[in-house]
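Examining the three-dimensional arrangement
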Amino acid sequence: MKILVYSHDASFYGATKAIFELTNELRAEHNIKYVIPTHGMLEKKLYEYNYEYVISNNPSWLVPDRKSDYSRWNFIKHCVKTWLTFNNAIKSECKRNIDIIGCNRPDLIIVNTSVAPLGIYVAKKLDIPCILWIHETICNKNGWYVPTFFSKMRVGHVLNKANIIMGPSKFLKDYVEKAFHISKMQILPNMIDYNPKYTNDNVKYLFGIVASISERKGQVEFLESMIKYMPNANVVMYGSGENDYSLKLQSIIAEYPYNAELRGFENDLDVIYSSFDIYVNMGVDETFGRTTIEAMRAGKLVFGRRSGATVEHITHGYNGFLFDDVKDIFSILQEYDSYEGQRKIAEIRQRGREYSMKYEPNMVTKKFMSIINEKLNYKVWE
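Fair warning: this is a prediction, and the values are worked out from it, not measured in the lab.

Counting 41 residues, the largest nonpolar core has Trp61, Leu159 and Phe180 as the members making the most contacts within it. Broken down by secondary-structure element, the contributors of at least two residues to this core are strand S1 (2–6), helix H3 (72–102), strand S4 (108–111), helix H4 (118–126), strand S5 (130–133), helix H5 (152–159) and helix H6 (170–180). In terms of nonpolar packing, the next biggest core, distinct from the first, is built from 32 residues, Ile227, Ile278, Leu301 and Ile332 among them.

Okay, structure coming up:
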């Protein structure tokens, strides 16, 4: 089977990493080619693994966030200009992609996001079966801020053109059904292809956060609470971001340099998960929670906000802990600060490791092919 994958981004984390790991498993039996929007880390990975790919603009229909120093009038003008640019780009790129793909028609097109719909239009024009793999709560103006130029009705109409819609969690499936009245989403979790070299059975008060620097990822909230309720603890943060929130975080770290360290983006998972003992997912409305599973795989004690898909992974007190208020993290740790408590913590960590094995590559690949067989009758046209 020939598969064409549309990526909305050239980075190598989140959605792009999820699809890359899936295609690495599929390519043993299938021919896979990528369409990527620009040069970047994803291109380097595709080149390293000998993938065929083409670079073609893949316009996004998201509304840009208004910066604090930008007037409302100028922001409206900017949105209108961006909307016009999107419409012109989608028309020209659709025609270009039809010409590129038409002479070498794939059997299946995978569109690896809902923020850039070009692949859906191309698949429809060429009458090629299309899978849309949604990773974000698009059109949500709360929590994870992902609004578009268009109404939910218009966005839902376009998304529903895909033959199959997939998403990594029940939380996201429920959101898509509520927002767009689309009930056909199939749950396909991200695979976690990570076998840690290092594990540490100690539980010290050395915390870790792995996420882009933003308010919905909660780095400032955690650091301020840690300093207040556990002032002798330390936290290591991995992630990057250029925004007002990042500046606020850096100013607090500068004030408490012995408590916190911001190490920026890091691609080596062993470097990340060997540098702390307790993982905290502060994310609001996580649509999957890759880092939570990775931390479990590395044998870390995990804490997660009682929000989004995080509650699908963590069973409180069994394989990790959930919290509503950040201060709950420190209260829980104090409750387990005894010999018997540490024994229970070791059992919780082990159950976390066992749970993470559900997302091994072969398990996710089998589920993907099962969905294809059922929904597209793949065995007939293989």
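The subject of this paragraph is H4. Most of H4 sits inside the fold, with seven of its nine residues counted as buried. Of the residues making up H4, those classed as buried are Leu118, Gly119, Ile120, Tyr121, Val122, Ala123 and Leu126. Buried residues along H4 sit against S1, H3, S4, S5 and H5. Of the residues trailing H4, Asp127 is marked for its positive phi of about 55°.

Quick look at the sheet that holds strand S10 (residues 260–262) now. Here we have six strands laid out as an open sheet, ordered S10-S9-S8-S11-S12-S13, and parallel in their pairing. Both outer strands of the open sheet, S10 and strand S13 (321–323), are each paired with one neighbouring strand and no more. Neighbour-to-neighbour, the strand axes of this sheet turn through a mean angle of 20°, independent of strand direction. Relative to S13, strand S12 (residues 301–305) is paired through three bridges, and the arrangement is parallel. In the strand pairing of S13, Arg305 is matched with Phe323.

It is worth spelling out a nonpolar patch on the surface at this point. Judged by side-chain polarity, Trp73, Ile76, Val80, Trp83 and Leu84 come together as a nonpolar surface patch covering roughly 500 Å² of accessible area. Relative to the helices and strands, Trp83 is located in helix H3. Relative accessible area serves as the criterion here: at 34%, Trp83 is assigned to the partly exposed category.

What counts, and at which threshold
Residues numbered from 1 in each chain as written. Predicted model: local features only at pLDDT ≥ 70, side-chain atom pairs only at ≥ 80, totals over all residues. Heavy atoms only, no water. Core = buried A, V, L, I, M, F, W, Y, C linked by side-chain atoms within 4.5 Å. Buried < 20%, exposed > 50% of the residue type's maximum accessible area, 1.4 Å probe, protein only. Helix = DSSP H or I, 4+ residues; strand = E, 2+ residues; numbered from the N terminus. Contact = heavy atoms within 4.5 Å. Pairing = 2+ DSSP bridges. Axes fitted to C-alpha atoms, helices over the stretch in contact; angles between N-to-C directions. Patch = residues over 30% accessible without salt bridge, like charges linked within 9 Å, V, L, I, M, F, W, Y side chains within 5 Å. Areas by Shrake-Rupley, 256 points an atom, 1.4 Å probe, with all protein chains shown as cover. Salt bridge = Lys/Arg side-chain N within 4 Å of Asp/Glu carboxyl O.

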